[in-house]
Amino acid sequence: MNTCQKCQFAVANPVGRLSVSRIGLFSDARFPGRSIVSLRDHYDDIAAAPTAVAELFMADIHCAARIIRRATGADRVDIALSGNTDSHVHAHLIPRRRDRDPLPDSGPWDDPRERRPLEPLAEAIAIGLLSAAFDVVGAGPLSS
C-alpha cells in the first residue's frame, strides 16, 4: 500500500521499496532526481519510532542517497528530515550539482529558481532510471 492508513501520506511517483520505507520521485525541475523517502509505518516524529526502526530508516536514507547520487551525477545529496507539514516521518533527498545549481553552497530552500515540476518526458525518464537503479541494488519495486 502506497498510502498511510492513519494519515493518508502518500509517496508519489514510486521508484523503490527499502527495508522500512518507500521512495518516490518528487517532481522538481530545479533538482532532477529529488525524492522522498517515507516510513511505511506511521510515526509522527522520528523520536516516536522504535530505535531499530529509526536506525533502519537512516540506513534506507543512506542507501537511497547513494543511489540518487550515482543515478543523477550529483556532487552531493542534501537530506531534510521532515514531519512538520505532513505528520508522517519522511525525508527529502535533494541531489545537488555545482555546475547546475545557482547557489551550490546554500540550502535548497534558498534556491531562487521558480519551483515547477519536471516536464512529462523528463519525469518519466527519471522515474524509469531511479526504478531501475533501486531494482539493481535489490531495493525492489514499491508494489512488492
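Anything mentioned here points back to the structure above.
What you see is a predicted model, and the numbers here were worked out from it, not measured in a lab.

### Things to note about the overall build of the protein chain
Along the backbone of the protein chain there are two helices and five strands. Ordered by position in the sequence, the α and β elements of the protein chain form the string β-β-β-α-β-β-α. Relative to the 2.2 N^0.38 estimate, which gives 15 Å for 144 residues, the radius of gyration of the protein chain is 14 Å and therefore close to what a compact globule would have. Oriented by its inertia axes, the alpha-carbon framework of the protein chain measures out at about 40 × 30 × 25 Å. The 144 residues of the protein chain split such that 44% are buried. Long-range pairs, those at least 24 residues apart, make up 54% of the contacts in the protein chain with a sequence separation of at least 6. Accessible surface computed for the protein chain: about 7700 Å², of which carbon and sulfur atoms make up 53%. Between the centroid of the 17 positive side chains of the protein chain and the centroid of its 18 negative side chains there is a distance of 4 Å.

### Describing the packing of aromatic side chains
Within this structure, the stated rule accounts for zero aromatic pairs. The ring of phenylalanine 26 carries the charged tip of arginine 34 above its face, separated from the ring centre by 4.1 Å. For the cation-ring pair, arginine 113 lies above phenylalanine 31, with the distance from its terminal atom to the ring centre recorded as 5.4 Å.

### Structural notes on empty space enclosed by the protein
Per the counting criterion, the structure on display carries one cavity of 30 Å³ or more. Forming the walls of the largest cavity are Asn2, Thr3, Cys4, Phe9, Ala10, Val11, Arg22, Ser38, Leu39 and His88. Its residues assigned to classes, the lining of the largest cavity comprises five nonpolar, four polar and one charged.

### A few points about helix H1 (residues 51-72)
With 22 residues, H1 extends 31 Å from end C-alpha to end C-alpha; this agrees with the ideal 32 Å at 1.5 Å per step. The complete set of buried residues in H1 reads Val53, Ala54, Phe57, Asp60, Ile61, Ala64, Ala65, Ile67, Ile68 and Thr72.

### A look at the layout of surface pockets
One number sums up the size of the largest pocket: a volume of about 300 Å³. Looking at the largest pocket, it is lined by 17 residues, and the ones nearest its centre are Phe31, Pro32, Gly33, Arg97 and Arg100. For the lining of the largest pocket, the leading source of residues is helix H2 (residues 120-136), giving three residues. Residues that form the lining of the largest pocket fall into these classes: eight nonpolar, two polar and seven charged.

The rules we used
Residues numbered from 1 in each chain as written. Predicted model: local features only at pLDDT ≥ 70, side-chain atom pairs only at ≥ 80, totals over all residues. Heavy atoms only, no water. Helix = DSSP H or I, 4+ residues; strand = E, 2+ residues; numbered from the N terminus. Rg over C-alpha atoms; globule rule 2.2 N^0.38 Å. Buried < 20%, exposed > 50% of the residue type's maximum accessible area, 1.4 Å probe, protein only. Contact = heavy atoms within 4.5 Å. Areas by Shrake-Rupley, 256 points an atom, 1.4 Å probe, with all protein chains shown as cover. Lys, Arg positive; Asp, Glu negative; His and termini not counted. Charge placed at Lys NZ, Arg CZ, Asp CG, Glu CD. Phe/Tyr/Trp six-rings, centres within 6.5 Å; stacked < 30°, edge-to-face > 60°. Lys NZ or Arg CZ within 6 Å of the ring centre and 35° of its normal. 1 Å grid on protein atoms, 1.4 Å probe; cavity = no way out; pocket = protein on both sides within 12 Å on 5 of 7 lines; lining within 4 Å. Points joined across faces, edges and corners; volume = space filled by probe spheres on them. Nonpolar A, V, L, I, M, F, W, Y, C, P; charged D, E, K, R; others polar. Expected span 1.5 Å × (residues − 1).

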